[in-house]
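# Examining the three-dimensional arrangement
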Amino acid sequence: MDETMRRGGRPRRSSAEVLADAAAELFLEQGYARTTVDQIAARAGVSRATFFNYFGAKSDVLWLELDAAVADLPAFLAASTEPSSVRAVEEALLAAARAHDPEQVPWAIAQAEVMDIGSELVASVAARVMAQHGAVAAFVGSRTGEHPMSLWPQTVSGAMLGAAAAAFGVWVADGVGRRTLVEYVGAALTPVAVGLDAHR
């Protein structure tokens, strides 16, 4: 049997996914603040050291799906042949949305209140948004010959990532009746991209 498969043809879950599942159970049972890394590792049947092989901090376990969704964004940007930097960012974000597993819905967003994540949720997602913001601004700057911290790269990155993040949040909130993620992201990005391109 293929080692990547479970019985019945179902994919074998990675250690990171097992840890994320254990964390989700504990956060629902006792809240985020009262759950420790040691408890998560014990529930998953691994050591504390194993937890830190996959996650840098407890908050990182909240974003397994989101991190996977944006991991290839720099590669999508680099591969683009679209002459407009705005449209290249749009294409890359759509590609990332298209590649996202529709079964992987971030429970950190969907269950934030129940898990009592609070300010930790805001801080950890902000760090991820800023990392992507820097990558997109650097790409736009390289295309236009401007410094990444100058107004145009910062505006394009902020506007496009903001629209994509809003679409992602609505997609999560729509529950079992949700459509594909790329439909939401496309609907959010199109008017923003058209507006930015028209003023460049």
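Presented here is a report on the structure given in the accompanying data block. (Residues numbered from 1 in each chain as written. Predicted model: local features only at pLDDT ≥ 70, side-chain atom pairs only at ≥ 80, totals over all residues. Heavy atoms only, no water.)

### Remarks on the overall build of the protein
If you tally the helices and strands in the protein, you get 11 helices and 0 strands. For the protein, the succession of helices and strands along the chain, N to C, is α-α-α-α-α-α-α-α-α-α-α. In the protein, which comprises 200 residues, the proportion classed as buried is 38%. Considering only contacts within the protein whose residues lie at least 6 apart along the sequence, 64% involve residues at least 24 apart. Counting every atom, the protein has about 10500 Å² of accessible surface; 58% of that belongs to carbon and sulfur. (Helix = DSSP H or I, 4+ residues; strand = E, 2+ residues; numbered from the N terminus. Buried < 20%, exposed > 50% of the residue type's maximum accessible area, 1.4 Å probe, protein only. Contact = heavy atoms within 4.5 Å. Areas by Shrake-Rupley, 256 points an atom, 1.4 Å probe, with all protein chains shown as cover.)

### As for the nonpolar core
Formed by 45 residues in total, the largest nonpolar core has its most connected members in Ile40, Val89, Leu93, Val156, Met160, Val185 and Leu189. Counting residues per element, the ones that place at least two in this core are α1 (15-30), α2 (37-44), α5 (73-79), α6 (85-99), α9 (119-144), α10 (151-173) and α11 (181-198). With 10 residues, α10 is the largest single contributor of residues to this core. The contact partners of Ile40, leaving out residues within four places of it in the chain, are Leu19, Ala22, Ala23, Leu26, Phe27, Thr35, Phe51 and Lys58. (Core = buried A, V, L, I, M, F, W, Y, C linked by side-chain atoms within 4.5 Å.)

### Regarding the packing of α6 against α10
The contact between α6 and α10 brings their axes to 11 Å, and the two run at 30°. By the criterion of interaxial angle, the relationship of α6 to α10 is roughly parallel. Pair α6 / α10 crosses with right-handed handedness. The residues of α10 that touch α6, namely those facing Ser85, Val86, Val89, Glu90 and Leu93, are Trp152, Val156, Met160, Leu161 and Ala164. Its residues assigned to classes, the contact of α6 with α10 shows 8 nonpolar, 1 polar and 1 charged. (Axes fitted to C-alpha atoms, helices over the stretch in contact; angles between N-to-C directions. Parallel < 35°, antiparallel > 145°, perpendicular 65-115°, else oblique. Left-handed = near helix turned anticlockwise from the far one by under 90°. Nonpolar A, V, L, I, M, F, W, Y, C, P; charged D, E, K, R; others polar.)

### Here we look at α1
Relative to the 22 Å expected for 16 residues at 1.5 Å per residue, α1 spans 22 Å between its end C-alpha atoms, a close match to the ideal helical length. Within the sequence span of α1, burial applies to Ala16, Leu19, Ala20, Ala22, Ala23, Ala24, Leu26 and Phe27. (Expected span 1.5 Å × (residues − 1).)

### So, the pattern of salt bridges
By the definition in use, this model includes 8 salt bridges. Across the salt bridge formed by Arg43 and Glu29, the nearest N and O atoms sit 3.0 Å from each other. Taken together, the positions of Arg43 in helix α2 and Glu29 in helix α1 put the pair 14 residues apart, joining distant regions of the chain. Notably, a salt bridge pairs Arg179 with Glu183, separated by 3.4 Å at the nearest N-O pair. In this structure Arg179 comes out as partly exposed when scored by relative accessible area, which is 45%. For Glu183, a relative accessible area of 40% translates into the label partly exposed. Salt bridges here are not isolated pairs; linked through shared partners, they connect Glu25, Glu29 and Arg43. (Salt bridge = Lys/Arg side-chain N within 4 Å of Asp/Glu carboxyl O.)

### Overview of the side chain of Ser84
If you trace the backbone, Ser84 turns up in the loop between α5 and α6. Within polar-contact distance, the side chain of Ser84 engages the backbone nitrogen of Arg87 at 3.2 Å. Not counting residues within four places of it along the chain, the set of residues in contact with Ser84 comprises Arg143 and Asp197. (Polar contact = N/O pair within 3.5 Å; in protein donor to acceptor, adjacent residues only side chain to side chain.)

### Observations concerning the packing of α1 against α2
The geometry of α1 relative to α2 is characterised by a closest axis approach of 8 Å and an angle of 120° between their N-to-C directions. In terms of orientation, α1 lies oblique with respect to α2. Note that α1 runs across α2; the crossing there is right-handed. Between α1, through Val18, Leu19, Ala22, Ala23, Glu25, Leu26, Phe27, Glu29 and Gln30, and α2, the contact on the second element is made entirely by Gln39, Ile40, Ala41, Arg43 and Ala44. When its residues are assigned to classes, the contact of α1 with α2 shows 9 nonpolar, 2 polar and 3 charged.

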